[in-house]
Amino acid sequence: MYFDTRYLYIFLAIIVLTNIFGGGVDLLDLVLTIPGVLIAITFHEYAHAFAAEKLGDDTPRNQGRISLNPLAHVDPFGLVMLIFAHIGWGKPVQINPNNFNRKISARAGEAIVSVAGPLMNFLLAIVFTFILGAVQIFATEFCLTQVGEIIQLLLTNALIVNIGLGVFNLIPLPPLDGSKILMAFLPYNTRRWFEDHTQLFYIIFLIIWITPLASMIITPVITGILKLLLWTVGSFYGLFL
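These numbers come from a predicted model, not from an experiment.

Caption draft 1: View of the overall build of the chain. Of regular secondary structure, the chain possesses 10 helices and zero strands. Mapped in sequence order, the helices and strands of the chain form the string α-α-α-α-α-α-α-α-α-α. Within the span of the chain, comprising 241 residues, buried residues form 39% of the whole. In the chain, once contacts between residues fewer than 6 apart in sequence are set aside, the share between residues at least 24 apart is 73%. Summed over its atoms, the accessible surface of the chain is roughly 13,600 Å², and 69% of this surface lies on carbon and sulfur atoms.

As structure tokens, then:
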């Protein structure tokens, strides 16, 4: 079973063009979103590369992926999609499980490398939430209304993008990180069945991606995590006010 992904790219390009020319793009919001997107993708892919190297695989280093330079990790089309369609990707980190330390199985190693990306996004979301809380207090204290609002918008966008990228990648369908994490816990026969039907699951993933299903699945989770983070950080700063 084979699916020509060129049709997907054409469809996604139509989505982007529709958003641009249909008035669905706010220029200011676009500018304030780009920094958060670059940070989310860069740190996500760096985390994959870093975890692989710590497990003994030097493939990412040899390919220049142990870096926080966005140019090493950004896929141009994936970047555009994440900015305009709110679902995108970075340049995949290539690994060789055969290079992992013998103390860990290849399957477990792949799961660790895979979970490192989303975990990094969630850690960044926590950091951005604490910074956002501090900026709100500082801006209010010193009456820096306009500057404070811009910084808060930058941080809020970065926060939402990181949560979204982390949640999206945990969906257990190929080619997302969640599928590799799931494989580490499946019984042998189930795992073989999953591998034999990879193309089917890939098509299911594409259907979810290009339809409102992705938003229906991800948005409530993102909203829930965002509210939890804001409440937790708000309570934290409330202790000192």
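Caption draft 2: Up close: the packing of aromatic side chains. Within this structure, the stated rule accounts for seven aromatic pairs. Ring centres 6.1 Å apart and planes at 45 degrees place the aromatic pair Phe168 and Phe205 in the tilted group. Of this pair, Phe168 sits in helix α6 (residues 145-169) while Phe205 sits in helix α9 (residues 198-209); the two residues are 37 residues apart in sequence, bridging distant segments of the chain. Pair check on accessibility: Phe168 and Phe205 agree, each one buried. Through pairs of rings, three or more aromatic residues link up here, namely Phe130, Phe236 and Tyr237.

Caption draft 3: Quick look at the pattern of salt bridges. According to the stated counting rule, one finds two salt bridges in the structure shown. Measuring nitrogen to oxygen at the nearest pair gives 2.3 Å for the salt bridge that ties Arg61 to Glu53. Residue class for Arg61 comes out partly exposed when judged on its relative accessible area of 46%.

Caption draft 4: Representation of the nonpolar core in the model. Counting residues in each nonpolar core, the largest one holds 28 residues, and the members touching the most others are Leu159, Ile163, Phe168 and Phe205. Within the residue set of this core, elements represented by two or more residues are α5 (106-141), α6, α9 and α10 (213-238). Sequence-distant contacts of Ile163, defined by excluding residues within four places in its chain, comprise Phe122, Ala125, Ile222, Ile225, Leu226 and Leu229.

Caption draft 5: How the structure looks around unusual backbone geometry. Here the bond from Pro174 into Pro175 is cis, since omega is 10 degrees, no more than 30 degrees from zero. Along the chain, Pro175 turns up in the loop between α6 and α7 (177-183).

Caption draft 6: Representation of the confidence of the model for the chain. Averaged over every residue, the pLDDT of the chain is 83; residues scoring 70 or more account for 83%. Across the chain, helix α3 (residues 59-62) holds the top mean pLDDT of 95, while helix α1 (residues 5-21) sits lowest at 57.

Caption draft 7: Spatial organisation of a nonpolar patch on the surface. A cluster of nonpolar side chains, Ile207, Leu213, Met216 and Ile217, forms an exposed patch at the surface whose accessible area comes to about 370 Å². Top contributing element to the nonpolar patch by residue count: α10, with three residues. By secondary structure assignment, the location of Leu213 is in helix α10.

Caption draft 8: Summary view of the side chain of Asp177. Looking at the element boundaries, Asp177 is found in helix α7. The buried charged residue Asp177 lacks any salt bridge, with Lys180 as its nearest oppositely charged partner at 5.0 Å. A polar contact is formed between the side chain of Asp177 and the side chain of His44, at a distance of 3.2 Å. If we ignore the near neighbours within four places in the chain, the residues touching Asp177 are His44, His48, Ser114, Pro118 and Asn169.

Caption draft 9: Spotlight on the environment of Phe100. Looking at the secondary structure, you find Phe100 in the loop between α4 (76-84) and α5. Relative accessible area serves as the criterion here: at 6%, Phe100 is assigned to the buried category. Taking the C-alpha atoms as reference points, Phe100 and Asp57, 43 residues apart in sequence, are found 5.5 Å from one another. The contact partners of Phe100, leaving out residues within four places of it in the chain, are Ala52, Leu55, Asp57, Ile95, Ala106, Gly109, Glu110 and Val113.

About the criteria used
- Residues numbered from 1 in each chain as written.
- Predicted model: local features only at pLDDT ≥ 70, side-chain atom pairs only at ≥ 80, totals over all residues.
- Heavy atoms only, no water.
- Helix = DSSP H or I, 4+ residues; strand = E, 2+ residues; numbered from the N terminus.
- Buried < 20%, exposed > 50% of the residue type's maximum accessible area, 1.4 Å probe, protein only.
- Contact = heavy atoms within 4.5 Å.
- Areas by Shrake-Rupley, 256 points an atom, 1.4 Å probe, with all protein chains shown as cover.
- Phe/Tyr/Trp six-rings, centres within 6.5 Å; stacked < 30°, edge-to-face > 60°.
- Salt bridge = Lys/Arg side-chain N within 4 Å of Asp/Glu carboxyl O.
- Core = buried A, V, L, I, M, F, W, Y, C linked by side-chain atoms within 4.5 Å.
- pLDDT = per-residue confidence, 0-100.
- Patch = residues over 30% accessible without salt bridge, like charges linked within 9 Å, V, L, I, M, F, W, Y side chains within 5 Å.
- Lys, Arg positive; Asp, Glu negative; His and termini not counted.
- Polar contact = N/O pair within 3.5 Å; in protein donor to acceptor, adjacent residues only side chain to side chain.

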